[in-house]
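A closer look at the structure
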Amino acid sequence: MNHREFEQLQLKSKFFQRILDEIDVGVHVVNEEGRTTFYNKKMAQIEGMDYEDVLDKNLLDVFSFNQDEDSTLLQALKNGSKIKNAKQTYFNNKGQEITTINNTFPIMEDGEQIGAMEIARDVTKLEKLIRENMNKRGDTRYTFDSIIGSSDEIHEVIEASKRATRTSSSVLIIGETGTGKELFAQSIHNGSSRSSKPFISQNCAALPDSLIEGLLFGTKKGAFTGSIERPGLFEQANGGTLLLDEINSLNPSLQAKLLRVLQEKTVRRVGDTKDRTVDIRIIATINEDPIDAISEDRMRKDLYYRLSVVSLFIPPLRERRKDIRDLAQFFIEKYNQLFGMNVAEIDEEVMNKFEQYDWPGNVRELEHIIEGAMNLLDQEEAISYVHLPLHFRNKPQFKEEPNETGHLEDLLIQKNKPIKTLEQYIQEAETYYLKKVLKHHGNNITQSAKSLGMSRQNLQYRLRKYGVRKETTD
């Protein structure tokens, strides 16, 4: 081979590598000894590897398989046969699990096998997601005793739910996000004759349609690329309860298939022809008015009628304001145990604001606010305004009331008033905040400085600078 031919060969090799790097599938080529000769960019991304860790290395020195035969590349190299749509799970040199769907075939030249080539599609995340959902079992620690509240509104729902424990009829729980729909579902299961059987929960909005069907109904081996023989959630929940959260997120075809299961009490795996009998109770939840969901084609009318044998409407927190104090105290005690703290209460000023707020996120939002506030506490034993998360304090309902030293709104730009300089604005805002912190700590300089993250001397300097004169104690 002369110099020009060698240069042309090198150029072709570069072109070939560039093409391999641009395509959206992994490509891995080994020679007859099992050493990597080509390895494209996509394959490196799939396997979480660098080129130099793989090129010219023996396959078994880099990757780990359960058995040598599990490597589809080595199978093609050993047997000289094509392998189509084979799912393979293996580990890279960092111990990370990888799952791919492979098309693998031997490379022949003049009738002799000189290597093998594999084209791979990454299904690692999808496989992990399915496995996590398949292994998921509902945590049924909640009972009716776990439901906090003394309002008439919540007691009415609790009593209706308790009556629903006597039968195996389908239940539709209707309520806004964060109202505690799963808490009621678990309580119904635990209070029923099915309490010793499985309780499985699945959020129907958590997975794409292509996965949720196989997850719910199961799959038959070979039904689609990479599918294996796997029971669905209906079969796994047999004898117990299956909670389908956000049922209105299922597409119409899956809703029709679900309706068939409810009516015939049989399930057919994807790709199968055999019907399997199941004995389960369905509890479904929806976070909007079912009538709206039906009119806007997010829920089939016939499925709604089949599910809503028992309908429970969980009131939003704004309609059960009497329960806010009990819930807030419950969350304080919960996070006292988790954080090793000793918070006793919420300032009455803050509690009054809590009871006036509409709580669009409902009980879940209240819990997050309490948790966030307790992360900002130091040695204090009460949650006050300054401990509320900043994004919450900025809500119009939570703005501080004017005090004797000035108005909070005076710090802001107002019509028909001259705009303050930045220095004036910062000074007034800092003065206001220092006064509030001092008031919160009973004018104790030491505690105020500690909560502000500064030294006593620094705080005293600022108080003198801004003319803040308060009787202080230590």
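Parameters and conventions
Residues numbered from 1 in each chain as written. Predicted model: local features only at pLDDT ≥ 70, side-chain atom pairs only at ≥ 80, totals over all residues. Heavy atoms only, no water. Helix = DSSP H or I, 4+ residues; strand = E, 2+ residues; numbered from the N terminus. Buried < 20%, exposed > 50% of the residue type's maximum accessible area, 1.4 Å probe, protein only. Contact = heavy atoms within 4.5 Å. Areas by Shrake-Rupley, 256 points an atom, 1.4 Å probe, with all protein chains shown as cover. Patch = residues over 30% accessible without salt bridge, like charges linked within 9 Å, V, L, I, M, F, W, Y side chains within 5 Å. Salt bridge = Lys/Arg side-chain N within 4 Å of Asp/Glu carboxyl O. Lys, Arg positive; Asp, Glu negative; His and termini not counted. Charge placed at Lys NZ, Arg CZ, Asp CG, Glu CD. Phe/Tyr/Trp six-rings, centres within 6.5 Å; stacked < 30°, edge-to-face > 60°. Axes fitted to C-alpha atoms, helices over the stretch in contact; angles between N-to-C directions. Parallel < 35°, antiparallel > 145°, perpendicular 65-115°, else oblique. Left-handed = near helix turned anticlockwise from the far one by under 90°. Nonpolar A, V, L, I, M, F, W, Y, C, P; charged D, E, K, R; others polar. Pairing = 2+ DSSP bridges. pLDDT = per-residue confidence, 0-100.

**Side note on the overall build of the chain**
Across its full length, the chain carries 20 helices and 14 strands. Taking all 474 residues of the chain together, 43% fall into the buried category. Put simply, 62% of the contacts in the chain that link residues at least 6 apart link residues at least 24 apart. Total accessible area on the chain stands at roughly 25800 Å², and carbon and sulfur atoms take up 48% of it.

**Notes on a negative patch on the surface**
A cluster of acidic residues, Asp152, Glu153, Glu156 and Glu319, forms a negative patch at the surface. Along the polypeptide, glutamate 156 turns up in helix α7 (residues 152-164).

**Brief notes about the packing of aromatic side chains**
Using the criterion set out here, one finds 12 aromatic pairs in the structure. With 6.4 Å between their ring centres and 85° between their planes, tyrosine 39 and tyrosine 51 make a pair best called edge-to-face. On the criterion of sequence distance, the pair formed by tyrosine 39 in strand β2 (residues 36-39) and tyrosine 51 in helix α3 (residues 51-54) is long-range, its members being 12 residues apart. Ring centres 5.7 Å apart and planes at 80° place the aromatic pair phenylalanine 63 and tyrosine 90 in the edge-to-face group. In this pair, phenylalanine 63 is assigned in the loop between α4 (59-62) and α5 (72-79) and tyrosine 90 in strand β3 (residues 83-91), connecting sequence segments 27 residues apart. With respect to class, phenylalanine 63 is no different from tyrosine 90; both count as buried.

**Overview of α5**
Every buried residue belonging to α5 is among Thr72, Leu73, Leu74, Ala76 and Leu77, and all of these are buried. Its buried side turned inward, α5 meets β1 (26-31), α4, β3, β4 (97-109) and β5 (112-122). Directly beyond the C-terminal end of α5, a positive phi value near 70° is found at glycine 80.

**A look at the environment of valine 309**
Along the chain, valine 309 falls in the loop between α13 (301-307) and β12 (310-313). As a C-alpha pair, valine 309 and serine 170 span 139 residues in sequence and 5.8 Å in three-dimensional space. Beyond its immediate chain neighbours, meaning those up to four positions away, valine 309 contacts Ser169 and Ser170.

**Topic: the packing of helix α18 (residues 422-440) against helix α20 (residues 456-465)**
Closest axis-to-axis distance for the α18/α20 pair is 11 Å, and the angle between their directions is 125°. Regarding the angle of α18 to α20, the classification is oblique. Viewed along their axes, α18 and α20 form a crossing whose handedness is left-handed. From α18, Glu430, Leu434 and Leu438 reach across to α20, where they touch Leu459, Arg462 and Leu463. Its residues placed into classes, the contact of α18 with α20 shows 4 nonpolar, no polar and 2 charged.

**Some words on the pairing of β5**
As defined by bridge partners, β1 adjoins β5 across 6 bridges and the pair is classed as antiparallel. The partner of asparagine 31 across the bridge, within β5, is glycine 115. In terms of strand pairing, β4 meets β5 through 10 bridges, oriented antiparallel. Along β5, the bridge assignment pairs isoleucine 101 with arginine 121. In this structure, the hairpin formed by β4 and β5 is closed by a connection of 2 residues, where aspartate 110 is found at a positive phi of approximately 55°.

**Let's talk about the sheet that holds β12**
Pairing in this open sheet of 5 strands is parallel, and the strands run β7-β8-β11-β6-β12 from one edge to the other. Only two strands of the sheet have a single partner each, and these edge strands are β7 (199-203) and β12. The average undirected angle you get between the axes of adjacent strands in this sheet is 15°.

**Topic: the sheet that holds β4**
One open sheet accounts for 5 strands, arranged β2-β1-β5-β4-β3; its pairing is antiparallel. Unpaired on one side and paired on the other, β2 and β3 mark the two borders of the sheet. Averaged over neighbouring strand pairs, the angle between their axes works out to 30° when direction is ignored. This element, α5, spans β1, β3, β4 and β5 of the sheet and lies at about 155° to β5.

**Observations regarding the confidence of the model for the chain**
Residue-level pLDDT values for the chain average 83, and 85% of them are 70 or greater. When the criterion is pLDDT under 50, residues 402-411 qualifies, and its contacts beyond four places in sequence or with other chains add up to 15 contacts.

**Considerations on the environment of asparagine 66**
Looking at the secondary structure, you find asparagine 66 in the loop between α4 and α5. We classify asparagine 66 as exposed; its relative accessible area is 64%. As for asparagine 66 and phenylalanine 91, which are separated by 25 residues in sequence, their C-alpha atoms are 9.3 Å apart.

**With respect to helix α9 (residues 209-217)**
Along α9, the positions that sit buried rather than exposed are Leu211, Ile212, Gly214, Leu215, Leu216 and Phe217. Glycine 218 sits one or two positions beyond α9 and adopts a positive phi of about 90°.

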